[in-house]
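So the chains spell out like this:
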Amino acid sequence: MKRICELKYLSKHSVYVILVLVLVGLTPKLQAQGEATPVYQLFVGESEGTDNRDTLSNVIQENDATYNKALSFIEDDSYIRIDSLSLGNSFTFSVAFNSYALLDKNRTLIDVGQKLWIRTTTQRELQVTMPGRIDHNTKGLCLTENCWYQMTVSVNRFYVDIYLDGKKVETFNLPQEVVCNNQLITIGKNTLWRENFKGKISGVSIWDRFLNDYQVEYYYNANWRRTPVSEGISLFLPFGSQKKVKKGSGDVIQKDIVMVEDQERGVVAELNGKTSYIDCGEVLIDNAVSISLWVKPKKPNQDNGALVGSEQAWAFRISGNSNLTMTIPQVKDIRTREKLIEKDVWQHVAVTYLEGKGVKFYKNGLLVHSDTISKFQEGAKLIRIGNNLWNNHYLGLIDDVVIWKRVLSADDINEIYETDAVDLRKQIKVERAFPWGLLIGGTLVIFIVIAVFIVRKKKIEQERLKNAKQQLSEKLSEDTTPQEEEVDPFLQSVHDIVEKHISDSAFTVEEFARELGTSRTGLYKQMKELTGLSANVFIRDKRLEKAKELLLNSEMSVSEVIYATGFESRAYFNKCFREKYGYTPSGFRQKIKDGFIADLDESSE
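Keep in mind that this is a model prediction, so the values were computed, not measured.

**Focus: the pairing of strand β10 (residues 134–137)**
The side chains of a regular strand alternate, residue by residue, between the two faces of the sheet. Where strand β9 (residues 126–130) and β10 come together, four bridges link them in antiparallel fashion. The residue bridging V128 from the neighbouring strand is H136, located in β10. A loop of three residues connects β9 with β10, the two strands running antiparallel in sequence, and G132 in this loop sits at a positive phi of about 80°.

Below you can see the structure in the form of structure tokens.
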């Protein structure tokens, strides 16, 4: 009897212990969902979140491909000054930045009353400094110029966490407690030394509290977007399109390349395995490189496996055992362990390399192997496709060769693999310089502008007349045939599936096609035929329509609407919403409150 009582006593207390452990484990996640309102917030280009306590000096607001709008810090005295913030001994700073100059000297991102500095260093690292006490650098971090990063530094008395793009990269202790009461905070300028930031900043947030891992990740996903795949491209060769990107010197020269029509990918390049190659001239590459291309090899082996090479710096190729290989001459050969490359089959291959970090290989959007390597020869290099240092050539078909001067994430590689070739080419914007040298004088410029304006105006008028006739015809048709239009069964299934996954940010085109019982290529063709849109664009438009409905008819916050419609970042959501409806989400909701719903409905048509 006594033993039974003891067992009951233990069981009862065991339940209590388990409940306590569960609550302790859930506490950080619950906190992440709780209130973490910044005491200061600035989103460039938006009316929401700005603060009248800040002073902007010598900063220029300009368009940006990633964040739509950004502040450019180009002068020696460019800065944002924030007056009198009382943060106590626990606080968090978050800044989205893109640096033009990393290597010449340290650059200050944040100066907290000369008590604490947060800087980039000439070693491409982040540094937290207490003047005269400590300079702590992040270990193994390697920043790249002209790339966007979102940095968060969270301080709790002596304890410091550093995050980059929502992920923790460093933890350390300060030699003494930092207390910030009524401090002058400066963004982009060190008030003691001339280490001013050069580059762009798109947003700043400051909290008077310490944010944990879950809160930082939550805030990053809700407010910032990862760098789009179109940023940081040095070379883009889509053989079925005239749209090309080449950043560097020299022309792209094709030798013994034949353009052929392929059933799956349209117009592609065929290399003969003996004399064919594409000489891309010098391409600018910093301390990082990413390569992506589609291949259909006829003989996947070492002699016929040269994919992309950069003089004596590196070579990406298919080795003799059908492995993917990245070779750094006289340093290291890194190979995938398994035979990956198939004969006469289209497959997407990619490799990324970051100095001090290593190499990662991908096939069909999935990471298949990674290894470490440190040495890398940066700078302008001659890039050749289909041929390398050892005079190996490539035999087979290739398409959509892309080289970035930055490291893409696994999500980026998967996005490229899943994105239709046509949509990828639309995403990548070509920077073309206006041919001033071809113009004879100012008079000719004015004449051309006027001529284009007249032609464009006439085209618009014709389009309006055509639309008016079409609308009248449709109206008459509706009046004379009041029958219900039959909905295509396939299109109905499309709508039902998208509606079911509207809040799932991980919903992919592959999964979409699988649920419809078709292939990815088949889905693309049917969607284009029925809707005129690709699957990706169709899903995005449906998410935006749902978001508009929720903003109009619910009390949900903008952040809640973002997650309810499957968008992964606030910045990307704002950009897409503005493009479709002419307003930011917050501006849209304000117009609703002001009673301008009719005007909004017209703008969305």
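**What to know about the packing of helix α6 (residues 489–500) against helix α7 (residues 509–516)**
Between α6 and α7, whose axes approach to 10 Å, the crossing angle comes to 130°. The orientation of α6 relative to α7 falls into the category oblique. Note that α6 runs across α7; the crossing there is right-handed. Contact residues: α6 offers F490, S493, V494, I497, V498 and K500, while α7 offers F512, E515 and L516.

**Side note on the nonpolar core**
Ranked by size, the top nonpolar core spans 43 residues in total, and within it F97, I110, L116, L126, M151, I185 and I206 carry the most contacts. Dropping the residues within four chain positions of it, M151 is found in contact with F93, S94, V95, F97, L109, I110, I118, L126, Y163 and L164. Listed in part, the 38 residues of the second largest apolar core include L293, W314, M326 and F361.

**Remarks on the packing of aromatic side chains**
Following the criterion strictly, the structure yields 15 aromatic pairs and no others. Summarising the aromatic geometry, the rings of Y581 and F588 are spaced 6.5 Å apart at their centres and angled 45° between planes, so their arrangement reads as tilted. The buried category is assigned to Y581, whose relative accessible area is 4%. On the basis of relative accessibility, which here comes to 2%, the residue F588 falls in the buried class. Members of the aromatic cluster, joined through ring pairs, are F567, F573, F577, Y581 and F588. Its guanidinium or amino end placed over the ring of Y277, R384 lies 3.8 Å from that ring's centre, counting from NZ or CZ.

**Some thoughts on the sheet that holds strand β14 (residues 183–187)**
The strand order β2-β5-β14-β7-β8-β9-β10 describes an open sheet built from seven strands, whose pairing is antiparallel. The open sheet has two free edges, formed respectively by β2 (54–57) and β10, since each of these has just one partner strand. With direction set aside, neighbouring strand axes in the sheet form an average angle of 20°. Judged from the four bridges that link them, β2 and strand β5 (residues 79–85) form a sheet pairing that is antiparallel.

**Examining unusual backbone geometry**
Of note, the phi angle at R157 is positive, near 60°, even though the residue is not glycine. In this structure R157 comes out as partly exposed when scored by relative accessible area, which is 40%. For D256, which is not glycine, the phi dihedral falls at a positive 55°. Looking at the element boundaries, D256 is found in the loop between β19 (253–255) and β20 (258–262). What makes D256 partly exposed here is its relative accessible area of 40%.

What counts, and where the lines are drawn
- Residues numbered from 1 in each chain as written.
- Predicted model: local features only at pLDDT ≥ 70, side-chain atom pairs only at ≥ 80, totals over all residues.
- Heavy atoms only, no water.
- Pairing = 2+ DSSP bridges.
- Helix = DSSP H or I, 4+ residues; strand = E, 2+ residues; numbered from the N terminus.
- Axes fitted to C-alpha atoms, helices over the stretch in contact; angles between N-to-C directions.
- Parallel < 35°, antiparallel > 145°, perpendicular 65-115°, else oblique.
- Left-handed = near helix turned anticlockwise from the far one by under 90°.
- Contact = heavy atoms within 4.5 Å.
- Core = buried A, V, L, I, M, F, W, Y, C linked by side-chain atoms within 4.5 Å.
- Buried < 20%, exposed > 50% of the residue type's maximum accessible area, 1.4 Å probe, protein only.
- Phe/Tyr/Trp six-rings, centres within 6.5 Å; stacked < 30°, edge-to-face > 60°.
- Lys NZ or Arg CZ within 6 Å of the ring centre and 35° of its normal.

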